Each structure stands twice: as structure tokens, then as C-alpha cells.
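Listed below, chain by chain, are the residues.
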Amino acid sequence: MDKKSVLIIEDDFYITRAYSIKLEKEGINVLSVSDGEAAIDFLKKNNSPDLVVLDLMLPKKSGFEVLSEIRANNKWKNVPVIVLSNIGAQEDVQKIKELGVIEYLVKADIGIDEVIEKIKKYLQ
Amino acid sequence: MPSEQLTKNNLKQQIEYFKQVELAMMNILEDERELEINLKNERDKTMTIVSSVGEGLLVIDNDYKIVLINEIAARFLEVSVAGVIGKDAKEIINMYKGSEKLPDEKRPVAKTLKTGKIVTIRLDDDIYYIVSSGRRFPITLISTPLVSKGNIVGAVVVFSDITEEKKLDEAKSSFIATASHQLRTPLTTIRWYSEMLSNGDAGPLNKDQKVFMEKIYNGILKLNEALGILLSLARIEGGGNVKINPVKTNLVKFTDEIIKSLALLAKEKKINIKINAVEKDLPEVLIDQAMLSQVIVNLLSNAIRYTDNKGKIEISIAVFGNSVIYSIKDDGIGIPQGQQKNIFNKFFRAENAISKIPDGNGIGLTLVKNFVEFWKGKIWFESPTVWIGKKGGEERKGTIFYLTIPI
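Residues numbered from 1 in each chain as written. Chains lettered and ligands numbered in written order. Predicted model: local features only at pLDDT ≥ 70, side-chain atom pairs only at ≥ 80, totals over all residues.

1. Side note on the overall build of chain A
Logical step 1: Counting its secondary structure elements, chain A contains five helices and five strands.
Logical step 2: Overall, chain A shows an N-to-C arrangement of helices and strands of β-α-β-α-β-α-β-α-β-α.
Logical step 3: Out of the 124 residues belonging to chain A, those deemed buried represent 34%.
Logical step 4: Expressed as a percentage of contacts within chain A between residues at least 6 apart in sequence, the contacts between residues at least 24 apart total 61%. (Helix = DSSP H or I, 4+ residues; strand = E, 2+ residues; numbered from the N terminus. Buried ≥ 20, exposed ≤ 12 C-beta atoms within 10 Å, placed from the backbone. Contact = placed C-beta atoms within 7 Å.)

This is how it looks when you write it as C-alpha cells:
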């Protein structure tokens, strides 16, 4: 069976590293980019990942813009996305949910193990 | 000549009479002048008092006409004192709540004239005056009925321009929002890596290291909880821009779920929580569940925390008029009389609460009050409250919090 792959779009190096350590232990292939433009670039040049983990406060292009572009593109529009951000205002959550994500999580409110469990569940 | 004599006498008498009339009239005139001077003095005195009031003052009659205005009010409203007397106050001042015009019947003076009650507008009511030049400014206000012989004949309005206070308040809220977000980011790193360290992701830990890591992790959770509340508060206090998602909610089921989520905390202290739903067919309420959950969780976890082991908590839900009254009653430590007025203030903690739990954050109840008022409900409490003792007699202890939810 092919390894499942997750694209992490996150500008904080240590957050990305935490995802990698945990997910690789689970046998999941971790791909990562650290800004919004690089995310779109990566998607254009590669096969769609099985899941995208998206931060919202990103350099060059925000997570809101990245998500809008993903949803507007025929090739990517069905890729499942989880938002993990430290922005938790109701209006932002609403905006993101309207664009279509499987879950919106506030990073500081959730432990890493719980995040990994959720990612594994959505990859099944 | 007797007749001539008569006429002379008569004339003398008449002259005497007129002299007396003149004297009397002089006296009267003098009295009146004195009265007038006294009146003028009194009026001057009143006007001096009125104009030295540090806030805008208006007296408005039953027909909404301005009968008196002080210099400060005239300056705020950009009118002249003389030019505005007798004018309709509604034409001089437009009132807005946020960006919506306040209907005439909802203006404080209209309410005072109708009900005879004092009406107050506070900083967080978000009320603005707009004057004829188009200048818009936030106000606080108190409108008091003017009563003569048992009838309401007008209203006395004292108001302040609170532009500066409002700016400060907004800056404060924006600061809290930014600070909370900026703090959450490093907090996430600390949380995730301490969790990974505890779980042996960087190699096994010895017994002591495990215990220490547990302390660190619990500290992070507490800090994060306080931050979450601060952020919610900053948003709701920022006003205007709070988006909510009201859904139909069965309060008994909703409360049951919350009790389940707090079961561990309650079980540790052997505290029994029960729900009394007075009506069988309690109507569903339309409410933002995230907000409602924060309110109930805060009140209920307070009740658990500030109640001794084996204590009891009763939740009652009942319909009253157009609202549901929701109450949480505990037999805990209560709120000391002298500190009750501060209990909803940000960061305030009662003395007995501090000695029972030293590291509470003191913002939970502030958030609860803000949320309840956001959905146009009311919140109040009673402490100590009445419990029926084991032998049947009344016992006064613990606290009962009441809040309303519009149906």
C-alpha cells in the first residue's frame, strides 16, 4: 500500500517539526511548505496530497487566500483540508467553514497527540 | 359758607386719601421690586449651579421641548443657550445605537417621560449623539424624571461626551486581542513539545522528570484557559463585530452534556449535580451554543471548585414570561457581603475564593456577564442562599446564580 501523504502549510519551523516527528512515526509521508505562495506552487507541480494541514497567518499569501484558491481549482477542490491556527475569532471560523474544511482547530487549545489522531482518522 | 367749607374739607380728605394710596402703592412696588430682585438672585444662583455642573445638562418638558440647558451641553451640541430654548430636543440631537438610529420611543427621555423611571446609558451601551453639524460622539447619560404635584412634567438629562474613554477602551480591547494571539503561538510550541517530552518522543523520562513535566503541562493548560477567556472578552467588549451562530437548543440535554464533561471534576470531590426542569415541555431556545457552553461551564465549574467535598449543586430551568430563567445553586463558600458588588469585575476575586483556590484568574464571571448581556439576558446572584437542612429547617449558605435566556 502506498504511503499516505500530508501537506503541512505552516510558517513556524518548530510546529512543522512536531508534525513531522509524530506523523513519520505513524508511517505518514510529510511534505511541508512555509508560506502561502510556496503552497500554491507546490500544489501546481505535484500530485495532490491526501490531506492538507493549513495555518492561517502565513507570509506572502494568507491561509484564507490559499484555501480560496484550492477550492476554486478543479484539480484540488476535493482535497480535504484541516485548519490549525491560533486565530479563533468566530467570524474567521465562519469564513473558513464557508470555504469548506473538514475541521477548524485552535492550536493552543489542542494537544499534539489529539491532532495526530484526527489526521489519522481523516486519512483512513 | 357751609357748602364751601364742606368742599374744602372734602378736598383735604381726598388729598389725604390719595397720599395714602400713593404710599401704599410705593410700598407695594418696593415689595415687588424686592421680590423681583430676590427671584433674580435665586435664578442667578440656580443658573450658576447649573452651568458649573461639569457635564452637559438639559431639562426637557413633556412635549420634548428644551426648557433649560447649561453652557457645557450647548457646547457639546453646538448650539447657543438662548437659541435652543423651546426647541424640540429630538430635532437638535439624533441618537444612534452603534450604526442604527434609535427609534424615538427608545430614547432615554421618552422612556423617562413614559415610565417615570431613571434611565441610564453606560459606556458599553454604545450610544451616540449626532448634532446638526454631523459630529458624532459616544455618550454616557442619566435621565431623571421631573415630578411636580405627583405628575411627570419633564426630564432632567445629564450627559457626557466620552470620545476619549471610548478610544481608550477600544485600544485596550485591541491590545488584548493581539496580545492573546501573539501569546498563543509560543504557548502552542511549549504545549506540544512538553507533551512530546512526556510521551517519550525524545527518549524515556525518569520518575521525577515525568512529575516535573506534568507540572509544566498543567501550568500551560491553566495559562491557555485564562488566555482563551481574555480573548473572548476582548472580542465581546470590542462591540459590533461579534458574529454568532444561534441554533435551536434543548437546555436540559445541553446541560446534561456539560455535566458529563465536568463529571471527573465533580467526582473527585464527590459532588452531586442534579437538574430540576420545572416544566415538562420546556421550549427550545435560539442561542449560540459556543457562548452558552462557556457561560454554563464557567458557572458550573466555579460551583464545583468553591464547594466542599460531598457538596451539592442544583440546576433549575424554568420559563418566566418571555425568558427562560436558568439557575445554578451550590452550598459552597458563598460570596462575602462586602465584596458582592465587585464580583463581575475583571480580575477581581473574593477573599474567601483566593484562600480556597489561590491561582484562579478572576475573569470567568466577567466573561459570563458579558455573554449573557450580549444575548440580551440578565444575570444576578444571591449569597448566602436558602437550603432546606437535614432536619427540615432553613439553612443559609452557598450561592445561587440566575441568568435569563430570551425565548
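2. Overview of the overall build of chain B
Logical step 1: When helices and strands are counted, chain B shows twelve helices and 17 strands.
Logical step 2: Residues classed as buried in chain B amount to 26% of the 407 residues present.
Logical step 3: Taking contacts inside chain B between residues at least 6 apart in sequence as the whole, the part at least 24 apart equals 59%.

3. Describing the interface of chain B and chain A
Logical step 1: Opposite the 21 residues of chain B that make contact, chain A presents 18 residues.
Logical step 2: Among the elements of the structure, α6 (163-198) and α7 (207-238) of chain B are those that each provide at least two residues to the side of chain B that touches chain A.
Logical step 3: Take the side of chain B that touches chain A: its biggest share by element is eleven residues, from α6 of chain B.
Logical step 4: Residues belonging to the side of chain B that touches chain A are distributed by class as follows: seven nonpolar, eight polar and six charged. (Nonpolar A, V, L, I, M, F, W, Y, C, P; charged D, E, K, R; others polar.)

4. Considerations on the pairing of strand β17 (residues 399-406) of chain B
All names here are of chain B.
Logical step 1: Taking burial as the measure, the eight residues of β17 include six buried ones, the bulk of the element.
Logical step 2: Of the pairings in the sheet, the one linking strand β13 (residues 323-330) to β17 comprises eight bridges and is antiparallel in character. For S327, the partnering residue across the bridge sits in β17 and is Y402. (Pairing = 2+ DSSP bridges.)

5. Section: the nonpolar core
Logical step 1: Residues L230, V295, L299, A303, I313, I328 and V368 of chain B are the most contacted members of the largest nonpolar core, which totals 43 residues.
Logical step 2: Contributing elements (two or more residues each) for this core: α7, β11 (285-288), α10 (289-305), β12 (312-320), β13, α12 (364-374) and β17 of chain B.
Logical step 3: Counting residues per element, this core draws most heavily on α10 of chain B, which supplies eight residues.
Logical step 4: Two domains each put at least three residues into this core: domain 3 (166-238) and domain 4 (246-406) of chain B.
Logical step 5: When near neighbours in sequence (up to four residues on either side) are disregarded, L299 of chain B contacts I328, V368 and F401 of chain B.
Logical step 6: Of all hydrophobic cores here, the second largest spans 32 residues; its members include I40, L54 and I70 of chain A together with W192 of chain B. (Core = buried A, V, L, I, M, F, W, Y, C linked by C-beta atoms within 7 Å. Domains from an automatic or database assignment.)

6. What about the sheet that holds strand β10 (residues 272-277) of chain B?
Residues and elements named next belong to chain B.
Logical step 1: The mixed open sheet is built from five strands, whose spatial order is β10-β12-β13-β17-β14. Pairing within the sheet leaves two strands with one partner each, and these edge strands are β10 and β14 (379-382). Across the sheet, the axes of successive neighbouring strands diverge by a mean angle of 15 degrees, strand direction being ignored.
Logical step 2: With eight bridges connecting them, β12 and β13 associate as antiparallel partners. Bridge pairing in β13 links I313 to D330. (Axes fitted to C-alpha atoms, helices over the stretch in contact; angles between N-to-C directions.)

7. Looking at the sheet that holds strand β3 (residues 51-54) of chain A
All names here are of chain A.
Logical step 1: With respect to topology, five strands assemble into an open sheet ordered β2-β1-β3-β4-β5, the strand pairing being parallel. The open sheet has two free edges, formed respectively by β2 (29-33) and β5 (103-106), since each of these has just one partner strand. In this sheet, adjacent strand axes meet at a mean angle of 20 degrees when their direction is disregarded.
Logical step 2: Packed on one face of the sheet, helix α3 (residues 63-72) meets β1 (5-9), β3 and β4 (81-85) and runs near 175 degrees to β4.

8. Thoughts on the pairing of strand β16 (residues 394-397) of chain B
Both faces of the sheet carry side chains from a regular strand, because those side chains alternate between them.
Residue and element names in this part refer to chain B.
Logical step 1: In the sheet, strand β15 (residues 385-388) pairs with β16 via four bridges, with the strands oriented antiparallel. Paired with V386 across the two strands is R396, which belongs to β16.
Logical step 2: In this structure, the hairpin formed by β15 and β16 is closed by a connection of five residues, where G392 is found at a positive phi of approximately 100 degrees.

9. Some remarks on unusual backbone geometry
Logical step 1: In this structure, the amide linkage connecting S383 of chain B to the following residue, P384 of chain B, adopts the cis form with an omega of 0 degrees.
Logical step 2: Relative to the helices and strands, P384 of chain B resides in the loop between β14 and β15.
Logical step 3: Of note in the backbone geometry, K60 of chain A takes a positive phi value of approximately 70 degrees without being a glycine.
Logical step 4: Summarising the element assignment, K60 of chain A is placed in the loop between β3 and α3.
Logical step 5: Within the chain, D126 of chain B stands out as a residue other than glycine whose phi angle is a positive 65 degrees.

10. Thoughts on the packing of helix α2 (residues 36-45) of chain A against α3 of chain A
How two helices pack is summed up by the angle between their axes together with the distance between the axes.
All names here are of chain A.
Logical step 1: Viewed as axis vectors pointing N to C, α2 and α3 meet at an angle of 20 degrees, and their least axial separation amounts to 9 Å. Relative to α3, the element α2 is oriented roughly parallel. Crossing angle aside, the handedness with which α2 passes α3 is right-handed. Seen from α2, the contacting residues are G36, A39 and I40; seen from α3, they are G63, E65, V66 and E69. (Parallel < 35°, antiparallel > 145°, perpendicular 65-115°, else oblique. Left-handed = near helix turned anticlockwise from the far one by under 90°.)

None of this, on its own, says anything about what the molecule does.
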